[in-house]
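# Analysis of the macromolecular model
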Amino acid sequence: MAAAEPKPPAGADAARRLAGGCWSALWDYETPKVIVVKNRRLGVVYRAAQLLILLYFVWYVFIVQKSYQDSETGPESSVITKVKGITYSEHKVWDVEEYVKPPEGGSVFSIITRIEVTASQTLGNCPESVRVSNATCDVDEDCVSGQLDMLGNGLRTGRCVPYYQGSAKTCEVSGWCPVEDGASVSQFLGKMAPNFTILIKNSIHYPKFQFSKGNIEHRKDGYLKHCTFDEVSDLYCPIFKLGFIVEQAGENFTELAHTGGVIGVVINWDCDLDLPASKCNPKYSFRRLDPKHVPASSGYNFRFAKYYKTNNSTTRTLIKAYGIRIDVIVHGQAGKFSLIPTIINLATALTSIGVGSFLCDWILLTFMNKNKVYSHKKFDKMVDTPEQTTGPQLCASEPPWQDSTLADPRGLAQL
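These notes cover the structure that comes with them. Note that the structure is a prediction, hence the values are computed from the model and not measured. (Residues numbered from 1 in each chain as written. Predicted model: local features only at pLDDT ≥ 70, side-chain atom pairs only at ≥ 80, totals over all residues. Heavy atoms only, no water.)

### Re helix α2 (residues 40-64)
Let me state the cut-off plainly: In this text, helices come from DSSP runs of H or I with a minimum length of four residues, and strands from runs of E with a minimum of two, each type numbered from the N-terminal end. The span one expects for a helix is its residue count, reduced by one, times 1.5 Å. The cut-offs for exposure are 20% and 50% of the maximum accessible area for each residue type, with area from a 1.4 Å probe on protein chains only; residues under the lower value are buried, those over the upper are exposed, and the others partly exposed. It only takes one pair of heavy atoms within 4.5 Å for two residues to be counted as in contact.
Given a rise of 1.5 Å per residue, 25 residues ought to cover 36 Å, and the 34 Å separating the end C-alpha atoms of α2 matches this to within 8%. Looking only at α2, the buried set comprises L42, A49, Q50, I53, F57, V61 and F62. For α2, the elements touching its buried residues are α7 (339-352) and α8 (355-366). One or two positions beyond α2, positive phi appears at K66, with a value near 50 degrees.

### Overview of the nonpolar core
For clarity, the threshold we go by: Take the buried residues of types Ala, Val, Leu, Ile, Met, Phe, Trp, Tyr and Cys, join any two whose side-chain atoms come within 4.5 Å, and each joined set is a nonpolar core.
Of all hydrophobic cores here, the largest spans 47 residues; its most connected members are Y99, L242 and I326. Contributions of two or more residues to this core are made by β2 (76-84), β6 (108-127), β10 (197-206), α5 (242-248), α6 (253-259), β13 (261-272), β14 (283-288) and β16 (313-337). At 6 residues, β16 tops the list of elements feeding residues into this core. Residues contacting I326, with those up to four places away along its chain left out, are S107, V108, F109, L242, I245, I263 and V265. Counting residues in hydrophobic clusters, the runner-up holds 5 residues, among them I53, V61, F62 and A349.

### Some words on unusual backbone geometry
What you tend to see is this: most non-glycine residues have negative phi, and most peptide bonds are trans. In this model, K101 is joined to P102 through a cis peptide bond whose omega is -10 degrees. Residue P178 is bonded to the preceding C177 through a cis peptide linkage, with omega at -5 degrees. Looking at the element boundaries, P178 is found in the loop between β8 (169-177) and α4 (180-183). The phi dihedral of S120 falls on the positive side, at around 55 degrees, and the residue is not glycine. For N311, which is not a glycine, the phi torsion comes out positive at approximately 55 degrees. Relative to the helices and strands, N311 resides in the loop between β15 (301-310) and β16.

### Describing the packing of α2 against α7
This is how the line gets drawn: What counts as an axis is a line fitted to C-alpha atoms, over the stretch in contact for a helix, and the angles between N-to-C directions run from 0 to 180 degrees. Comment on the angle field: the value is read as roughly parallel under 35 degrees, roughly antiparallel over 145, roughly perpendicular from 65 to 115, and oblique elsewhere. It is the rotation of the near helix from the far one that decides the hand of a crossing: anticlockwise by less than a right angle makes it left-handed, clockwise makes it right-handed.
Put simply, α2 and α7 touch, their axes get as near as 9 Å, and they point 160 degrees apart. With respect to each other, α2 and α7 are oriented roughly antiparallel. In this structure, the crossing between α2 and α7 has a hand that is right-handed. Here I53, F57, V61 and F62 of α2 lie close against α7, whose contacting residues are N345, L346, T348, A349 and S352.

### Thoughts on the pattern of salt bridges
Cut-off, in case you're wondering: Each salt bridge in this description consists of a side-chain nitrogen of Lys or Arg and a carboxyl oxygen of Asp or Glu lying within 4 Å of one another.
A complete count under the given rule lists 9 salt bridges for this structure. In this structure, R325 and D327 form a salt bridge, with 2.9 Å as the shortest nitrogen-oxygen distance. On the basis of relative accessibility, which here comes to 11%, the residue D327 falls in the buried class. Overlapping salt bridges, with partners in common, bring together E251, R288, D290 and K292 in one network.

### Remarks on the environment of W269
Using the following cut-off: Two N or O atoms count as a polar contact when they lie within 3.5 Å, although within protein this holds only if one can serve as hydrogen donor and the other as acceptor, and sequence-adjacent residues are included solely when both atoms are side-chain atoms.
The topology assignment puts W269 in strand β13. Residue W269 is classed as buried on the basis of its relative accessible area of 0%. Here N202 takes part through its side chain, which lies 2.9 Å from a polar atom of the side chain of W269.

### Focus: the packing of α2 against α8
Put simply, the rule is: The classification used treats Ala, Val, Leu, Ile, Met, Phe, Trp, Tyr, Cys and Pro as nonpolar, Asp, Glu, Lys and Arg as charged, and all other residues, Gly among them, as polar.
One way to put it is that α2 packs onto α8 with a least axis distance of 8 Å and a crossing angle of 150 degrees. With respect to α8, the axis of α2 lies roughly antiparallel. In the packing of α2 onto α8, the handedness of the crossing is right-handed. Within the contact between the two elements, α2 uses L42, V45, Y46, A49 and I53 and α8 uses V355, G356, S357, L359, C360, I363 and L364. For the contact of α2 with α8, the per-class residue count stands at 10 nonpolar, 2 polar and no charged.

What follows is the structure, encoded as structure tokens:
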């Protein structure tokens, strides 16, 4: 009688099962449980949510925002300007060299439209302006000798003298005399100013895409000598009349010429570089930049002086100039197809479609009449069995528990 083979110890059996379970975990595939709920209203909500998410990504993200492109904002830009025209005032004819400041032709310049001239000022003593605080007086004791007002026109001498006109008296100052308020004469230069022409030459460069373009037509027939800007027929003739710029900004030219103001000429280069270069065109817009409705700071003016030598004494003409300042502002954005942003946005779109499932699950678990039935089917509640709690259970081929809720006498049909 053959001897009975010894049975392997129970521990070895458990070890083999543990090793088999661990190796099996390397190639096992797990998938989430899917439950089909036969509910028409919930199905409509689910498909509507998916459709809205899909439309958002297709229409807004990819078509409107062009998120499949790599983009670059703020192009490198250069601006050269040139003003032409003559005008006249009550006393003289004015040309470009006199009414354009500064004359270099940069992106910011001023066109003088009205001036207040204080001629033949010399260094001496004269009455202070009545506009200066505490300048009016009755006797010399009202004026402190050596006092210097930062908003005044000179150093006070301590004398109270008659003003330039009328019966008023002000403190005498030592400085450039006569002061501006006492002897200035106004001259208006804006009669011909609406017909001034302004050439705005602009070139841009997007270094990321090595793309450059300018706003002037490449022609050799003297095109710029006889054209003016038109958005349809002469887009690449950047010669604007000053009156046209002010009108497009929604301002009254006569009023603006008297008080002064700042007008912005905005050149926008939005370029889709997936299209031919001819489709990348400048777009011009015009608007007033300074706060015209604020009484304390409305308008635009500045002062400058012209100096002369007469009999070894210095004389100057002080000019307070009101004008229209032009600020040329260039901005834009270029985009070109790139694989990386396309993949990122596609992955985001596909992930976001799952929001519909989350929304419908929340409705079912919270608001539906049979939400407990749905919860019962969606979530399997597992409990440990006493027989299998001994020994290591980390990688067993069979789970150390069993489903205590798989049987559902009511079934899915009640959903």
